[in-house]
Structure formats: structure tokens, C-alpha cells
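A closer look at the structure
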Amino acid sequence: MNEEQIARIQAIVEAALLAAGKPLSIEQLRELFLDDERPARQAMEHVLVMLEQSCAGRGFELKQVASGYRLQVREEFAPWVSRLFEEKPQRYSRALLETLALIAYRQPITRGEIEDIRGVTVSSNIIRTLLEREWARVVGHRDVPGRPAMYATTRQFLDYFNLTGLDELPPLSEVRDLEEIGREIEKNIQGEIEFESTPSNPESQTDEGSGDDASSEQTIH
Amino acid sequence: MNEEQIARIQAIVEAALLAAGKPLSIEQLRELFLDDERPARQAMEHVLVMLEQSCAGRGFELKQVASGYRLQVREEFAPWVSRLFEEKPQRYSRALLETLALIAYRQPITRGEIEDIRGVTVSSNIIRTLLEREWARVVGHRDVPGRPAMYATTRQFLDYFNLTGLDELPPLSEVRDLEEIGREIEKNIQGEIEFESTPSNPESQTDEGSGDDASSEQTIH
Amino acid sequence: MTDDTRAPAEAKPETPEQVPLALVSGKPLVDLPKDLYIPPDALAVFLEAFEGPLDLLLYLIRRQNMNILEIDVSEITRQYMDYIGAVESMRFELAAEYLVMAATLAEIKSRMLLPRQESDDDEELDPRAELIRRLQQYERFKQAAEDIDQMPRVERDTFTGSAALPKMPSSQPHPDVDMQELILALHGVLKRADLFTSHHVEKERLSTRERMSHILSVLQGDRFVTFESLFTVEEGRLGVVVSFLATLELVKEQLIEIVQAEVLGPIHVRARAVS
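Note that the structure is a prediction, hence the values are computed from the model and not measured. (Residues numbered from 1 in each chain as written. Chains lettered and ligands numbered in written order. Predicted model: local features only at pLDDT ≥ 70, side-chain atom pairs only at ≥ 80, totals over all residues. Heavy atoms only, no water.)

Moving on to the environment of Ser-54 of chain A. With respect to the helices and strands, the residue Ser-54 of chain A is situated in helix H3 (residues 41–54). Put simply, Ser-54 of chain A and Gln-10 of chain A are 44 residues apart on the chain and 9.6 Å apart in space, counted from C-alpha to C-alpha. Non-local contacts of Ser-54 of chain A, meaning those with residues more than four positions away in its chain, are made with Gln-10 of chain A together with Arg-58 of chain B. There is a polar contact of 3.4 Å between the side chain of Ser-54 of chain A and the side chain of Gln-10 of chain A. (Helix = DSSP H or I, 4+ residues; strand = E, 2+ residues; numbered from the N terminus. Contact = heavy atoms within 4.5 Å. Polar contact = N/O pair within 3.5 Å; in protein donor to acceptor, adjacent residues only side chain to side chain.)

Below, the structure is given as C-alpha cells:
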């Protein structure tokens, strides 16, 4: 491809992204072209790099998110742009955000498991809101009595939060395993009561895992 | 205002127009800025001229419409962009295909004659679809009461099916041989659903064709 | 414990005190009086600021600048019980989870008062370790929720760009049809009409039919054309025959009429269906 062709494809891609108003994948972008003019995947990637560069200094930027690429307003201009909208951006309750965080980092997870960690009941409203916003979805049912639904986050969740994958979530703070906590306590208590040292193999099913466990489930979208 | 300020306002205006997704007036654009930073009307006009120029060669352009300014995808890219919104091609109904086949093999033929053979009414939609697709055309009117139109197939019909002439259509004797093939195909399509090989009473057939019509989902009449 | 293994959450011990807990009579309730006295009308609001017993416990621990791992269970328990007691005495509805936690804390406290037990094979966890585990676990996700809230998101920190659409070609795509489908359709309809036996559509007939259509389309309207113009020499003998057959068939079907003004004069043809 010569430069002229690239420039043309670049303009078409920009036009399509602005017309779509939502992310488009490389495949979707390639599909816009008829067989004989369709750029190769690699060429399309090149075009996207060029497009990204061409947005320097403008009001918008090319952003890659989970479902593809989209053109979006630069964060630095949000204060001005948000004045366009009378409604303030929606705020989410701590309960909702905590539930969302648990689904994001611990998926697939049941409501009961969320409640175990949060120590309180999860209201049906929160689950409904997450499902309606399409940030979470049911990915199956746990094979235990009652067959509770298991929740996972969606591509829309990642798109909404400007992520390409779950591995881009901020890492969870680390937690030392129970055994270590147990030893600490034992030392501190000074033998007032004897601490029963935990089984050397703390139930591997529990979420005591290492900090990288967030990324181990990134394939679930 | 110095150039830097203008560039910044220009980026903000661009961001706002892209976020708004609707035309914004000069006043609305000025309203985005707080009192002490709000550009004068004239300055804003200047910014819009600059913005317009900066869109040269891109996928979109600045357009002035009745209610203000908006960013719009360039019309020259409509052929590509429109593919974003293309619906999946539907399927033609059995009734339409039968009508088309009769026009091909029995032309020139009137709607009444088609109905006589098919045993059911031919809907106007079917005829219209065939005319719109330019597969059939009216070649005259039969000199009987009502002067019904006579239909024949077109060059486009031949082109579509890669025929140079109607004589290249499979002769009906071959069609009979196709009964076997047809049964195979239906069996494959329908899987476990049993294929009704001998519709013993043709009168009971509906317009949608016989029960072996595998494609009942989305059809065009 | 050693300092280098401090809990990560300890890195931000400042938040609970600075963030208003609740709004009481319009004023932010930033800190609680040291004696834990809370105006009765604020107590319910105060508790609502927490996401449950774990959250309240975390608050109490942070307020004393304690590390979770070093919590003075008996002091935290006392404070927790004070709140619960106060709320109960006000006859506020209290979520069951708070009461369950109160029971757990009471159990831990009573265990600590008991002499050490000689039960090596006791698989049960020390309730305090279990509590600490839960607190730590909860704190991780409380933090994660705050992190998620800080992440740039659409409609608040960024906006999806879109532009108006230009005039677009109408794009109703045409369905694809396979010749096979067409044949099957024909087969179906002919079989139903039982036409196989009574009609024989020959190859020649098809080209004749095609020519019939062609001739009809030439004869549009009231126009006469000369008979000869229906034939083209280039087509050769066969073409002429086909045209001739087509013309005869059209006459037979009374679709065209043939006129000869005078004997041996030019023959003209026109469509019969004149209005």
C-alpha cells in the first residue's frame, strides 16, 4: 500500500468509528471494505497507529478497549464537555462498587460468595443494576444445592472502564496467607491461648491466592 | 488570544461536538467555558474556521446546519460507513422462489397463470420484490379481461445465475432427477425433522410452500 | 511482627478520619467523639455509612491506628458492642449481620479468657484468625471498589465520539439465491400441480419462450414493427427458426397480431393488448 491508500483507509476508519459511536474490532473495520480492496490485518493495524498519531493535539483520541477501537473525548476535556449534559454523571454506591469489584476480581462468583466476603446481604437491586447495565452476566450455575447463578463481568464493563482486559484492573492488594497471619497472632498473644496452627494446605479453593489471581481469569469476559 | 489558547479552545470545541452527537450553536459552545475563560463570539467563530480547516483530509467535516455546528462523517465515505448498518440479507420465501421459477420456465406468464399452477394466490409483494430486484419485468399485457401483465425474466436474472440464455436453465427432466438431491439437502438441513417426501394433496399447501421448507425464519415475500 | 511486612492497607491510614462519615443536620460528621457518644438522631445515619459489620470493624481499627494483624480484639469488641448496644437501645432496626458479628466477637473474647486448650487435632480455626482473615479479605475488595471508582470511565471522564451520518445509500442487501434453490422450488410447485405428466418443457421450447418475451418487449405499446425486424441474420438458421416459432406461439396465444395491408405487401406485427 502506498501512502495515499493508507491515508484514505485511515479516513474511512475514522469515519466509521465516528459513525458507529462504539468500539469496532479490527475485523469489523476490515469488513467495511470489499474483498478486492480489503486491507490485511497488519495493514489495518498500521492504519490504526497512524490514526492514533493524527489525533495528537485534537479533542479526541483513539483508544483500544475490550471490544475494539473507539474514538473518544480526551479525559482532560471532560470538565468542559460534561457541561453539555445537565445530568451529573451517575454515582455508584459503595455496595454496588464492592459487588462489582468482587465479580471483576473473583469471577465466576455467586451471590452467596460475594455476601461471605462483604459480610452483608447483597440486595437484588444491585445485581439487577449490574445485569441491566450489562456490566455483569450470568455465566453458569454452581453445582451446589440451589444451583446459584455465577456472575462474571462483560466486555461492556471493560469498555466502560477503558480496559482491554481484566489484567488491566488495578492489582488487588496482597494478603498473606492464613498460616502466616496465624503465626503473627501466636507471637503477639504471648501464649495466653494456644493458637491452633492452620493446616499447611489452606483450602486451595479459597481466595487466599497470590496477587496475580486477577489475571488468571482474564479470559472470561 | 494567542495561538496556544486558540488551539486549546479548538480541541475543546471538537471534543464537545463529538460528545454531543448533535449540532451545537456558537452560544452553546461558549457556554462550555467559565466566565473568565469564555471566548468572545468572534473568537469562537475564528476557532470554528480553524476547526473546519483542520478536518481536511479526515473522515469527518464541520458542517453548519440550522441549529448550529456539527461534525459529520464525510459523504464520500458513505459507501463504507453504510456497511456498518447493513442488515444480514434475508432469505426469499418459498413462494417467491416458486413464482420466479415459473416466470423463468413459463414466460411470458401472468400472475393468474402462476396462481393457477401454484394453486394459491401470489402476493403483490412477491411480484414487487422480483421487479425491484430486476429479475422479472413486464413484457406486455395479455388481451383478456383485466389485461393482466405478462412477466418474463431479465438479463439481470440471467447474469445473476451465470446463464447466457434461458436454454441454459436445467431442463425440467433434470429437475425431476433433482428430487433425490433435494431430499438429501432437506435431510441435511432439517436434521432430525422428517422430510415429507410425498405431499399427497397439493390443495392443502399454503402460500409458504410445503412443509419441507427449511427456511421459515426470515423470509422476504 | 516486623515492620517490613506491614499490611498494604496500612499505607493509607488517613482516609477514615478525613472522609465525612455522614451528614448530620447538614453538617459533615468527620470524626466521632472519643467517648463514642453519638447524638441519638445521628446514630442510625452513622451506621448507614458502613457497608456492614466488617466495614464498621475496619473503621474502628483504623481509628485507633491499629494494624489489622495486631488488633486488640477486646478493645475493638468493646467499642463494637457499644455501638450495637446504643442502636438497640434506640430500638433501631439493626441488620442481622451486625448481630452475628457481635456474637462472633463475644465468642472470641470468651475464648481468650479461657485457659489454653490441649487439643492438637482441633482443626477449627482460631476465631480471631478467621476474623482477621475476613477483615483483610474485605478490605482488599473495599480498596478494589475504590480503585474501580477512580478508573476513568465513560460518561464521566471520557465520552464516546460520534459524528452525524451523511446521506447514506439505502442498503437493503439482496438475498442470495442458488440455482439449486430455484430448481427445488420449481420442482415443488410442479409436483404439486402435477404438471410433469401433462407438460413437456423442452430445451427448444425454453429458448422459444425467451424469444417470445423478447418479441413482446420489442412490441411495446401500440407500435407496429415490420415482421422482418424480428429476425436477425447474424443468429443464423437456428435463431431465425426460434424467432419464427416464438412468433407463431405468440399468435397462437393471441398475444400479437400480424397485419398485412395488401397482398405481398410488408407484414407488420404489434402486440394485441392495446388499450
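Residue and element names in this part refer to chain C. Between helix H5 (residues 96–113) and helix H6 (residues 127–150), the least distance of the axes is 9 Å, while the angle of their chain directions is 140°. Here H5 is positioned oblique relative to H6, judged by the angle of their axes. Listed contacts from H6 to Met-101, Leu-105, Ile-108, Arg-111 and Met-112 of H5 are Pro-127, Arg-128, Leu-131 and Arg-134. Its residues assigned to classes, the contact of H5 with H6 shows 6 nonpolar, no polar and 3 charged. (Axes fitted to C-alpha atoms, helices over the stretch in contact; angles between N-to-C directions. Parallel < 35°, antiparallel > 145°, perpendicular 65-115°, else oblique. Nonpolar A, V, L, I, M, F, W, Y, C, P; charged D, E, K, R; others polar.)

To continue, consider the packing of aromatic side chains. One pass over the structure, following the stated rule, counts 17 aromatic pairs over all chains. Here the aromatic rings of Tyr-92 of chain A and Trp-135 of chain A are separated by 5.1 Å at their centres, their planes lie at 55°, and the arrangement is tilted. Here the residue Tyr-92 of chain A occupies a position in the loop between helix H4 (78–81) and helix H5 (94–106), and Trp-135 of chain A occupies one in the loop between helix H7 (124–132) and strand S4 (136–141), the gap between them amounting to 43 residues. Trp-135 of chain A shares its class with Tyr-92 of chain A; the two are buried. Ring plane angle 75° and centroid distance 5.0 Å describe the contact between Tyr-160 of chain B and Phe-161 of chain B, whose orientation is recorded as edge-to-face. (Phe/Tyr/Trp six-rings, centres within 6.5 Å; stacked < 30°, edge-to-face > 60°. Buried < 20%, exposed > 50% of the residue type's maximum accessible area, 1.4 Å probe, protein only.)

A word on the nonpolar core. Ranked by internal contacts, the top residues of the largest apolar core, which has 60 residues, are Val-13, Leu-29 and Met-44 of chain A together with Val-13 and Met-44 of chain B. Tallying contributions element by element places helix H1 (residues 3–20) of chain B first for this core, with 11 residues. Look past the residues within four positions of Met-44 of chain B in its chain and what remains in contact with it is Ile-9, Val-13, Ile-26, Leu-29, Arg-30, Phe-33 and Pro-39 of chain B. (Core = buried A, V, L, I, M, F, W, Y, C linked by side-chain atoms within 4.5 Å.)

Residue and element names in this part refer to chain A. With an omega of -5°, the peptide bond running from Gln-107 to Pro-108 counts as cis. By secondary structure assignment, the location of Pro-108 is in the loop between H5 and strand S3 (109–110). The backbone of Arg-147 sits at a positive phi, close to 40°, despite the residue not being glycine. The residue Arg-147 is located in the loop between S4 and strand S5 (149–153) in this model.

Turning our attention to the interface of chain A and chain B. Counting residues at the interface gives 30 residues for chain A and 30 residues for chain B. Across the chain A to chain B interface the summed buried area is about 2600 Å²; carbon plus sulfur atoms make up 66%. At the boundary of chain A and chain B, one finds 5 salt bridges. The closest approach of N and O atoms between Glu-37 of chain A and Arg-83 of chain B, which form a salt bridge, is 4.0 Å. Remark: the boundary between chain A and chain B carries 10 residue pairs in polar contact (both at pLDDT 80 or more). Elements with a contribution of two residues or more to the side of chain A that touches chain B: helix H1 (3–20), H3 and H4 of chain A. At 9 residues, H1 of chain A tops the list of elements feeding residues into the side of chain A that touches chain B. In terms of residue class, the side of chain A that touches chain B is made up of 20 nonpolar, 3 polar and 7 charged. (Buried area = accessible area lost by both parts, 1.4 Å probe. Salt bridge = Lys/Arg side-chain N within 4 Å of Asp/Glu carboxyl O.)

The next thing to look at is the confidence of the model for chain C. Residues and elements named next belong to chain C. Within chain C, residue pLDDT values average 74, and 72% of them lie at 70 or more. Within chain C, no element has a lower average pLDDT than helix H1 (residues 15–18), which sits at 42, and none a higher one than H6, at 89. Contacts from residues 1–18, a stretch scored under 50 in pLDDT, to residues over four places away or in other chains number 27 contacts. A low-confidence stretch, residues 196–204 stays under pLDDT 50, and its non-local contacts, those more than four residues away or across chains, total 12 contacts. Across the interfaces of the predicted complex, the ipTM metric reaches 0.64, alongside a pTM of 0.62. (pLDDT = per-residue confidence, 0-100.)

To continue, consider the sheet that holds S3 of chain A. Within a sheet, neighbouring strands are paired by backbone hydrogen bonds and run either parallel or antiparallel to one another. Residues and elements named next belong to chain A. Judged by pairing direction, the sheet is antiparallel, and its 3 strands sit side by side in the order S3-S5-S4 without closing on themselves. Only two strands of the sheet have a single neighbouring strand rather than two, namely S3 and S4. Looking at chain direction, S4 and S5 are connected through 5 bridges and run antiparallel. Bridge pairing in S5 links His-141 to Ala-149. Where H5 meets the sheet, it contacts S3, S4 and S5, and its direction lies at approximately 85° from that of S5. (Pairing = 2+ DSSP bridges.)

Here we come to the sheet that holds strand S5 (residues 136–141) of chain B. Residue and element names in this part refer to chain B. Read from one edge to the other, the open sheet built from 3 strands follows the order S4-S6-S5, with strand pairing classed as antiparallel. Edge positions in the sheet fall to strand S4 (109–110) and S5, since each has one partner strand and no second. Two elements, S4 and strand S6 (residues 149–153), share 2 bridges in a ladder whose sense is antiparallel. Bridging across to S6, Thr-110 finds its partner in Met-150. Here helix H5 (residues 94–106) sits on the sheet and contacts S4, S5 and S6; the angle it forms with S6, its principal contact strand, is near 85°. On the sheet, helix H7 (residues 124–132) packs against S5 and S6 and is oriented at approximately 105° with respect to S5.

Next up on the list: the environment of Thr-153 of chain B. Residues and elements named next belong to chain B. Considering the arrangement of structural elements, one finds Thr-153 in strand S6. We classify Thr-153 as buried; its relative accessible area is 7%. For Thr-153 and Arg-137, which are 16 residues apart along the polypeptide, the C-alpha to C-alpha distance reads 6.2 Å. Apart from residues no more than four positions distant in its own chain, Thr-153 is found in contact with Ile-103, Ala-104, Gln-107, Trp-135, Ala-136, Arg-137 and Leu-166. For Thr-153, the side chain forms a polar contact with the side chain of Gln-107, separated by 2.7 Å.

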